[in-house]
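Secondary and tertiary structure notes
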There are 2 protein chains.
Amino acid sequence: MKGIKRLAQDLNISIGTVSRALNGKSDVSQETRARVMEAAAAMGYVPNQAGRSLRKGNTNAIGFIYEGEVGTTGHGDTFFLGVFSGVQDVLSRHHLDLVVLPCPRDDDPTEHVRRIMARRMVDGLIVSATRRKDSRIELLNRAGIPFVALGRSSTPGTYPWLDLDFAGVAGQATDRMVAAGHRRIAVAVPSNDVNLGFVYLEGYKQALARHGIAFDPELVLRVASSEEGGYQAGHELLSMDNRPTAVLLIYELMAIGLYRRLNEAGVRPGRDVAVVGFRESSLSRFLSPTLTSYRISLRSVGVMLAEALLASMPDYAEHYPMGLVHRVLPLELVEGESDTTFVSAAGRRERDP
Amino acid sequence: MKGIKRLAQDLNISIGTVSRALNGKSDVSQETRARVMEAAAAMGYVPNQAGRSLRKGNTNAIGFIYEGEVGTTGHGDTFFLGVFSGVQDVLSRHHLDLVVLPCPRDDDPTEHVRRIMARRMVDGLIVSATRRKDSRIELLNRAGIPFVALGRSSTPGTYPWLDLDFAGVAGQATDRMVAAGHRRIAVAVPSNDVNLGFVYLEGYKQALARHGIAFDPELVLRVASSEEGGYQAGHELLSMDNRPTAVLLIYELMAIGLYRRLNEAGVRPGRDVAVVGFRESSLSRFLSPTLTSYRISLRSVGVMLAEALLASMPDYAEHYPMGLVHRVLPLELVEGESDTTFVSAAGRRERDP
DNA sequence: GCAGGTCCCGTAAACGTTTACGACGATAAG
DNA sequence: CTTATCGTCGTAAACGTTTACGGGACCTGC
């Protein structure tokens, strides 16, 4: 005999009472509750999840959907572990498990979500790398499964989402470059249709418009969000006849490849070309020149994602009275040498034409 | 009405027959089997996992235990996503899910495993970052839960494990350095008691012994496996009175910090100091100088981990007739500039003392 | 015509929980 | 003393599946 039945037998109590005692229901005396708790602790009793799920219709698990393929997410491969960590911090407080559900690379993302839903293996979902028009969101909306999106989408519906302020950051970075005297500013964005690339480009365009600079499509470098992509971006940069004097990277890791390509060509990053990147890690300050970048704590992103999700789930909403979360998270500027050195150089160039 | 019952009702068949048809049991006619299959596909029936788990006593899920904290694993934070990807590739073929179970950072790892086992939420486990003496393994061994360890451990028991050949790699790298004329070779290993650090150091020591070079404990740099740790290693290196001419890094990412620290001091990596690192990513070849490193496909590590685990699980062993896996995976040398340039420099130094 | 075998299929129990419902005793109110 | 109220607890059904068991229909060979 196992589980709650064993516990009940040992204590000469009915299993119903044991269950009520463990779940903190009101109709059980203080004394028996104490006895049950003690006995449960003694035998290391942990409720069987399958039995509970079957009866209650939930699973005590939250799914995290991402795409395992490097470079397709617009983040590269170091992004998610930090986020997982934050998500798990919150979930563990509620005895919820994190189920990571990478979309197999030969599978259609929409079909992936459909299967997950059908199996009813999670109570809620975190879906990342949202596309500009995302049929997964449509699907989840119709199904009524609680979920939160990391990254906005133009797909309508009342669901919580979080996003990094890539528009703002692209705008600020552009402002910063313009203020330093740059006129031709290149921008490296993911080559796929992930939404953040679009958002990022918008911020860049609007900033250009503010400063009366015409948008030149040639300056948009569509590459992978990796070292490789950075190298590629450097390559394209160097091959332009009217070479840009600054370049914005959407992902920090790209700086490694970009630096290399520029150095190969004898072009010094931070001096001949200003570089700005995004995303947290200690990487930026160990590059040479140190990278000016916009930082955000990935763990905190994970924490907020989890909180936004729980806030939208009836069973947990009381702990997270934040309603429907639509939040754009700001990033923090960390000045490095990769563009500040250039400021004077650009200034000089401006001063004596 | 839902699930299999609904299906049975629609077809005027008993639910038992429907279940048998779906599960490919023998005692069901070809005709009814076809009808059931068709109807199931039509209504998009997917068996309820909770019901099935309760009855069968399994969960169709595999857990992956790792420690979320950056720097404590000996790998840093980009390691696992690649491995996950490979694991998932194999699991999805068997309709198994991957449940990622990061050990909360304020939690005891052993207690973490104990809880997971008690909840019976997975059919098998992959446990990473094994310690030299690992009580988690002891626990799992006693409980008889199928698991595979990534990284050997001195804890006894008959369980499958995989390991990267850090001993061999440290030995080869040392040989290589000695052949290039180096005598004082520093080595950077994780500051915690993760087993691979120990293994790595052993390979290094044995290689030294082969060449008749005395082991100098001062040359062992115990730092975090991160950019930061690399910087720290560089710092310690520079502060030595009799400075080593070569340094082995256990983790590629450390090279970034090391390079920076050396450059700050006007010491050129690859020329004044030879550097060798480990682990796959495109990082190595985008550093300057390109890093000589030992490479392995993380995805393939994941694939092998999953296969080794399934081979030890009765229900899946038939597909993976490999028995109990004890395998040390070799890494492949990728020559870069970070030590080859030095070969001649060291040679010169050797030649005219 | 009868024993034995084969092929399908239905019945019902079981997995471990939660929870609606009712029962019991004790106490309080009338 | 009766009746209502309250606090506590046991009973049993339900969640969706799988599977051991048995039974009916049909065929075979004597």
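Residues numbered from 1 in each chain as written. Chains lettered and ligands numbered in written order. Predicted model: local features only at pLDDT ≥ 70, side-chain atom pairs only at ≥ 80, totals over all residues. Heavy atoms only, no water.

With an unreviewed UniProt entry as reference, chain A is termed Substrate-binding domain-containing protein, source organism Devosia oryzisoli.

Let's shift gears to helix α8 (residues 166-179) of chain B. Residue and element names in this part refer to chain B. Across its 14 residues, α8 extends 19 Å between first and last C-alpha, which sits within 8% of the 20 Å expected from 1.5 Å per residue. Looking at α8, one finds that the buried residues are F166, V169, A170, G171, A173, T174, M177 and V178. Of the residues trailing α8, G181 is marked for its positive phi of about 100°. (Helix = DSSP H or I, 4+ residues; strand = E, 2+ residues; numbered from the N terminus. Expected span 1.5 Å × (residues − 1). Buried < 20%, exposed > 50% of the residue type's maximum accessible area, 1.4 Å probe, protein only.)

What follows is about the nonpolar core. Formed by 174 residues in total, the largest nonpolar core has its most connected members in F64(A), F84(A), F64(B) and F84(B). Discounting chain neighbours no more than four positions away, the residues touching F84(B) are Y66(A), L81(A), F84(A), F64(B), Y66(B), L98(B) and V100(B). Counting 38 residues, the second-largest nonpolar core is a separate cluster that includes V113(A), L125(B), A149(B) and W161(B). (Core = buried A, V, L, I, M, F, W, Y, C linked by side-chain atoms within 4.5 Å. Contact = heavy atoms within 4.5 Å.)

Residue-level contacts link 46 residues of chain A with 46 residues of chain B. Summed over both sides, the interface of chain A with chain B buries roughly 4200 Å², with 55% coming from carbon and sulfur. At the junction of chain A with chain B, the criterion picks out 4 salt bridges. A salt bridge links R260(A) to E337(B); its shortest N-O distance comes to 3.5 Å. At the junction of chain A with chain B, the criterion picks out 6 residue pairs in polar contact (both at pLDDT 80 or more). (Buried area = accessible area lost by both parts, 1.4 Å probe. Salt bridge = Lys/Arg side-chain N within 4 Å of Asp/Glu carboxyl O. Polar contact = N/O pair within 3.5 Å; in protein donor to acceptor, adjacent residues only side chain to side chain.)

Here we take up the relation of the copies chain A and chain B. Its rotation angle being 180°, the transformation that places chain A on chain B also includes 0.1 Å of axial translation and leaves an RMSD of 0.2 Å. Interpreted geometrically, this transformation is the action of a two-fold axis. When the interface residues of chain A are mapped onto chain B, 98% of them are again interface residues, pointing to one common binding face. (Least-squares fit on C-alpha atoms with pLDDT ≥ 70 in both.)

In this structure the tally under the stated criterion is 18 aromatic pairs over all chains. Measuring from ring centre to ring centre gives 5.2 Å for F147(A) and Y159(A), while their planes differ by 25°; the resulting arrangement is stacked. Here the residue F147(A) occupies a position in strand β4 (residues 147-150), and Y159(A) occupies one in the loop between β4 and β5 (161-164), the gap between them amounting to 12 residues. Ring geometry for F166(B) versus Y200(B): centroids 6.3 Å apart, planes at 80°, classification edge-to-face. Of this pair, F166(B) sits in helix α8 while Y200(B) sits in helix α9 (residues 195-210), and the two are 34 residues apart along the sequence. The class for F166(B) is buried, based on a relative accessible area of 4%. Through pairs of rings, three or more aromatic residues link up here, namely F64(A), Y66(A), F80(A) and F84(A). Just above the ring of F198(B) sits the side chain of R132(B); from NZ or CZ to the centre is 3.5 Å. Positioned over the ring face of F215(B) is K205(B), at 4.8 Å from the centre of the ring. (Phe/Tyr/Trp six-rings, centres within 6.5 Å; stacked < 30°, edge-to-face > 60°. Lys NZ or Arg CZ within 6 Å of the ring centre and 35° of its normal.)

For the rest of this paragraph, the subject is the sheet that holds strand β10 (residues 292-295) of chain A. Residue and element names in this part refer to chain A. Here 6 strands make up an open sheet; going across it, the order is β7-β6-β8-β9-β10-β12 and the pairing mixed. Since the sheet does not close on itself, it has two edges, and those belong to β7 (220-223) and β12 (332-334), each with one partner. Each strand axis lies, on average, 20° off the axis of its neighbour in the sheet, ignoring direction. Two elements, β10 and β12, share 3 bridges in a ladder whose sense is antiparallel. By the bridge assignment for β12, S293 is matched with V334. Contacts from helix α9 (residues 195-210) reach β6 (185-190), β7, β8 (246-249) and β9 (274-278), with the element oriented near 165° to β6. Docked against the sheet, helix α11 (residues 254-264) engages β6, β7, β8 and β9, running at close to 155° with respect to β8. (Pairing = 2+ DSSP bridges. Axes fitted to C-alpha atoms, helices over the stretch in contact; angles between N-to-C directions.)

Taken together, 25 residues surround DNA strand C, and among them I4(A), S19(A), R55(A), T17(B) and R20(B) come closest. By atom count, sugar and phosphate contribute 59% of the portion of DNA strand C lying within 4 Å of the protein. Measuring from a phosphate oxygen of DNA strand C, one finds a side-chain N or O atom of Y45(A) at 3.0 Å. Interatomic distance of 2.9 Å between a backbone N/O atom of S14(B) and a phosphate oxygen of DNA strand C. Taken together, the elements giving at least two residues each to the surface near DNA strand C come down to α1 (3-11), α2 (15-22) and α4 (49-56) of chain A together with α2 (15-22) and α4 (49-56) of chain B. Its residues assigned to classes, the surface near DNA strand C shows 7 nonpolar, 10 polar and 8 charged. (Near = heavy atom within 4 Å. Nonpolar A, V, L, I, M, F, W, Y, C, P; charged D, E, K, R; others polar.)

With that settled, the discussion passes to the packing of helix α10 (residues 227-238) of chain A against α11(A). Residue and element names in this part refer to chain A. As a packed pair, α10 and α11 sit with axes 6 Å apart at the nearest point and diverge in direction by 40°. The pairing of α10 with α11 is recorded here as oblique in orientation. As for how α10 packs across α11, the hand of that crossing is right-handed. Across the interface between the two elements, E227, G229, G230, Y231, A233, G234, H235, L237 and L238 of α10 pack against M254, I256, G257, L258, R260, R261, L262 and E264 of α11. Residues of the contact of α10 with α11, tallied by class, amount to 8 nonpolar, 5 polar and 4 charged. (Parallel < 35°, antiparallel > 145°, perpendicular 65-115°, else oblique. Left-handed = near helix turned anticlockwise from the far one by under 90°.)

Residue and element names in this part refer to chain A. On the secondary structure map, E227 appears in helix α10. Judged by relative accessible area, E227 falls into the buried class, the value being 6%. Put simply, E227 and G124 are 103 residues apart on the chain and 34 Å apart in space, counted from C-alpha to C-alpha.

It is worth spelling out the pattern of salt bridges at this point. The full count for this structure, using the stated rule, is 37 salt bridges over all chains. In this structure, R285(A) and E228(B) form a salt bridge, with 2.5 Å as the shortest nitrogen-oxygen distance. You can see R285(A) sitting in the loop between β9 and β10 and its partner E228(B) sitting in helix α10 (residues 227-239), one on each of two chains. What makes R285(A) partly exposed here is its relative accessible area of 44%. Between R260(B) and E264(B) there is a salt bridge; the shortest N-O distance is 3.3 Å. A residue pair is termed a helical-turn pair when its members lie 3 or 4 positions apart in one helix, as R260(B) and E264(B) do in helix α11 (residues 254-264) at 4 residues. The class of R260(B) is buried, set by a relative accessible area of 11%. Residue E264(B) is classed as partly exposed on the basis of its relative accessible area of 41%. Each of R260(A), R261(A), E264(A) and E337(B) takes part in one network of salt bridges that share partners.

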